[in-house]
Amino acid sequence: MTLAGAEFGRAVLGRLVTMLPAPGAQQLCVLDYNGVDVASGSFIRESTISFRDFARVSRPDLFPVVANASEIVLDDLREVLANRSDAMVTCVDDGAGGLKNFRIVGRLDEKLRLTLELVDDMGEADTGKLREARAGEGVPTVWNNRLSALVSKGLVAETSVGRGKLFKSLSRLEA
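Let me begin by describing the structure that accompanies this report. (Residues numbered from 1 in each chain as written. Predicted model: local features only at pLDDT ≥ 70, side-chain atom pairs only at ≥ 80, totals over all residues. Heavy atoms only, no water.)

1. Quick notes on the sheet that holds strand β5 (residues 87-93)
Next up, step 1: Strand order in the open sheet formed by four strands is β2-β4-β5-β6, and the pairing between neighbours is mixed. Edge positions in the sheet fall to β2 (27-32) and β6 (99-106), since each of these pairs with one other strand and no more. Averaged over all neighbouring strand pairs, the angle between strand axes comes to 40°, with direction disregarded.
Next up, step 2: Strand direction decides the pairing type here: β2 and strand β4 (residues 62-67), joined by six bridges, are parallel. Within β4, the position partnered with D32 by the bridge is A67.
Next up, step 3: The strands that helix α2 (residues 41-58) touches are β2, β4 and β5; relative to β4, the one it contacts most, it runs at about 160°.
Next up, step 4: Helix α3 (residues 71-83) rests against β4, β5 and β6 of the sheet, and its axis sits at about 40° to β6. (Pairing = 2+ DSSP bridges. Helix = DSSP H or I, 4+ residues; strand = E, 2+ residues; numbered from the N terminus. Axes fitted to C-alpha atoms, helices over the stretch in contact; angles between N-to-C directions. Contact = heavy atoms within 4.5 Å.)

Okay, structure coming up:
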C-alpha cells in the first residue's frame, strides 16, 4: 500500500482526530504502518506529524508513536523530522499485544538525546535523579528545560507528584 499526498494526509488527520478515545490516563496512541510499503513525506507531514502536534497541544494524555514502519517509510519519516529538527518515537508490535524496540527517529541535539537516554534507562526519573546519575552535572533549571523540551515533542510523559514532576519513558506506557 502507498500513502501519498498532502491532501490525503490531511484527510487521514481528520479521521484520526475523530477516532480519539475519551481523555484519561496517559497512554500511547499507536499509528500502525503495517502493510504500508511507501508513505510520502507530504503524507507523513500532514497526517502523522500533524496528529502528534495536535495531541501534544489538545490531548497531552496521548503519546502518538509510529509502529511497524518499513525501512522505506522510516527513511521518509527521518527526512521529514530532520528538516524540522524534530524527532518521534517508533516501535514494533510484538504480535502478542505489546510493543517493543522503542527508538527515536529524527534529530535531537546532543543534550536532549542524553537526557532522553537517561530517562529511558531509568524508566522514570525526576530532575534530582537525573542530576545524580550525571554526578551533579548542571543546575536543576537546565534539566527541567531539557525535560520540558522532550515533553513538548511527545518523547517522554510528565506527571505531577506533589510539588515536583516525574518523567517517564514512553516504553513504560500502555497502548
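2. Let's talk about the packing of helix α1 (residues 6-18) against α2
In a pair of packed helices, the angle between the axes and the distance between the axes together describe the arrangement.
Next up, step 1: Between α1 and α2, the least distance of the axes is 6 Å, while the angle of their chain directions is 30°. Here α2 runs roughly parallel to α1, going by the angle between their axes. For the pair α1 and α2, the sense of crossing is right-handed. The residues of α2 that touch α1, namely those facing A6, F8, G9, R10, V12, L13, L16 and V17, are S42, F43, R45, E46, S47, S50, F51 and F54.
Next up, step 2: Among the residues making up the contact of α1 with α2, the classes are represented as nine nonpolar, four polar and three charged. (Parallel < 35°, antiparallel > 145°, perpendicular 65-115°, else oblique. Left-handed = near helix turned anticlockwise from the far one by under 90°. Nonpolar A, V, L, I, M, F, W, Y, C, P; charged D, E, K, R; others polar.)

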